[in-house]
Amino acid sequence: MVICDIQDNVGQNVASGISSKTPNTKIKYEHLDATFRSECHTDVEAAVRFLGGQDSLIHAAGHIHQDAAETIAEDELDRMLDVNIEGVIFMNQAVFPYLKTRGGTILNFGSDLASEPLPLLAHYTASKGAVQSFTRAVAREWGKYGIRVNAVLPAVWTPMIDGYRGNLETENVVGHDVFMNDRVCLGETFGDVEIDLVPVLAFLVSDASRWITGQLVPANGGLSLVR
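Residues numbered from 1 in each chain as written. Predicted model: local features only at pLDDT ≥ 70, side-chain atom pairs only at ≥ 80, totals over all residues. Heavy atoms only, no water.

**Some words on helix H3 (residues 74-100)**
Across its 27 residues, H3 extends 37 Å between first and last C-alpha, which sits within 8% of the 39 Å expected from 1.5 Å per residue. Of all the bends in H3, the largest measures some 40° and sits at Glu86. (Helix = DSSP H or I, 4+ residues; strand = E, 2+ residues; numbered from the N terminus. Expected span 1.5 Å × (residues − 1). Bend = angle between axes of the 7 residues up to and from the residue.)

Shown next as structure tokens:
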């Protein structure tokens, strides 16, 4: 397993944590800014050398920022699209040559907000809608190579969610809690990454899901219904 992140301390801690729990797991950390196509290809090449091949990609890099649709700055829009859609495309392209010869799985991260957006997140929802459309398109194109491509729609606590909520006014945090309470059937809030998301990812990269591709797979406690 190779873990990549733009935040070296976070990525290294995750790699160390996995290694300590499963000492027989071959694991390595690599720095990666997925907005640079060359870095994506370089890191994938390094991962393939380290692992002796590649079976799957889980691409979870994301950026969220709140702003009114009419005042989104050009640099913020560029940042949103660079991280949330160009990064996805670059990483998918980088792993394709290795998966093409033997098949494999790609999991991109979408969002329920792509179909049921919240106010002040127009650029975020647009970027996630693009991720989901891209996922379905390449699933069609790459299926002939035995490559399965799906998008996971998670509603779980992550540092990105903490950062998003940390930038909200107090009354808006309360409103967000009320929204989650009303919409999430299971637990009435965000799920736990290890309990509620990781098993779904493990299933989707395993042979048990060999007949699933081009799908939007919600791990969201019922937050929204995929159509």
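**Some points on the layout of surface pockets**
Approximately 260 Å³ is the volume attributed to the second largest pocket. Together, 16 residues line the second largest pocket, and Gly104, Thr105, Gly146, Arg148 and Arg210 are the ones closest to its centre. At the level of elements, strand S4 (104-109) and strand S5 (147-154) are the ones that each hand at least two residues to the lining of the second largest pocket. Of the residues assigned to the lining of the second largest pocket, the class counts are five nonpolar, seven polar and four charged. (1 Å grid on protein atoms, 1.4 Å probe; cavity = no way out; pocket = protein on both sides within 12 Å on 5 of 7 lines; lining within 4 Å. Points joined across faces, edges and corners; volume = space filled by probe spheres on them. Nonpolar A, V, L, I, M, F, W, Y, C, P; charged D, E, K, R; others polar.)

**Topic: the environment of Asn220**
Along the polypeptide, Asn220 turns up in the segment after strand S6 (216-219). Measuring from C-alpha to C-alpha, the distance between Asn220 and Asp112 comes to 8.3 Å, with 108 residues separating the pair along the chain. Polar side-chain contacts of Asn220 include one of 3.0 Å to the side chain of Asp112. In this structure the side chain of Asn220 is engaged in a polar contact, spanning 2.8 Å, whose partner is the backbone nitrogen of Gly222. (Polar contact = N/O pair within 3.5 Å; in protein donor to acceptor, adjacent residues only side chain to side chain.)

**Here we look at the packing of helix H2 (residues 37-51) against H3**
In the contact formed by H2 and H3, the axes pass within 8 Å of each other and the chain directions differ by 35°. For the crossing formed where H2 meets H3, the hand is right-handed. Contact with H2, carried on its side by Arg37, Cys40, His41, Val44, Glu45 and Val48, involves Phe90, Met91, Gln93, Ala94, Val95 and Tyr98 of H3 and no other residues of that element. Classifying every residue of the contact of H2 with H3 gives eight nonpolar, two polar and two charged. (Axes fitted to C-alpha atoms, helices over the stretch in contact; angles between N-to-C directions. Left-handed = near helix turned anticlockwise from the far one by under 90°. Contact = heavy atoms within 4.5 Å.)

**Some words on the side chain of Glu76**
Within the secondary structure, Glu76 sits in helix H3. Although Glu76 lies buried, it forms no salt bridge, and the closest oppositely charged side chain, Arg79, sits 6.6 Å away as judged by the N-O distance. Here His63 takes part through its side chain, which lies 3.0 Å from a polar atom of the side chain of Glu76. With residues up to four places along the chain from it excluded, the contact list for Glu76 reads His63, His65 and His123. (Buried < 20%, exposed > 50% of the residue type's maximum accessible area, 1.4 Å probe, protein only. Lys, Arg positive; Asp, Glu negative; His and termini not counted. Salt bridge = Lys/Arg side-chain N within 4 Å of Asp/Glu carboxyl O.)

**So, the pattern of salt bridges**
Evaluated as defined, the whole model comprises three salt bridges. Between Lys28 and Glu30 there is a salt bridge, with its nearest N and O atoms 3.0 Å apart. Note on Lys28: relative accessible area 30%, which makes it partly exposed. Asp55 serves as the salt-bridge partner of Arg102, at 3.1 Å between the closest nitrogen and oxygen. Of this pair, Arg102 sits in the loop between H3 and S4 while Asp55 sits in the loop between H2 and strand S3 (56-59), placing them 47 residues apart in sequence.

**As for the packing of H3 against helix H4 (residues 122-142)**
Remark: H3 packs on H4, axes separated minimally by 9 Å, with the N-to-C direction vectors making an angle of 15°. Between H3 and H4, the interaxial angle falls into the category roughly parallel. Of the two elements, H3 crosses H4, and the hand of that crossing is right-handed. On H4, the residues touching Glu76, Leu77, Met80, Leu81, Asn84, Ile85, Val88, Ile89, Asn92, Gln93 and Phe96 of H3 are His123, Tyr124, Ser127, Lys128, Ala130, Val131, Phe134, Val138 and Trp142. Tallied by class, the residues present in the contact of H3 with H4 amount to 13 nonpolar, five polar and two charged. (Parallel < 35°, antiparallel > 145°, perpendicular 65-115°, else oblique.)

**Side note on the nonpolar core**
Counting residues in each nonpolar core, the largest one holds 22 residues, and the members touching the most others are Cys40, Met91, Ile106, Trp142, Ile147 and Val149. Only H2, H3, H4 and S5 provide two or more residues apiece to this core. The dominant element in this core, judged by the number of residues it contributes, is H3, at eight residues. Setting aside chain neighbours within four positions, we find Met91 in contact with Leu32, Ala34, Cys40, Val44, Leu57 and His59. The next biggest cluster of nonpolar side chains, apart from the first, holds nine residues, and it includes Leu107, Phe109, Leu201 and Val217. (Core = buried A, V, L, I, M, F, W, Y, C linked by side-chain atoms within 4.5 Å.)

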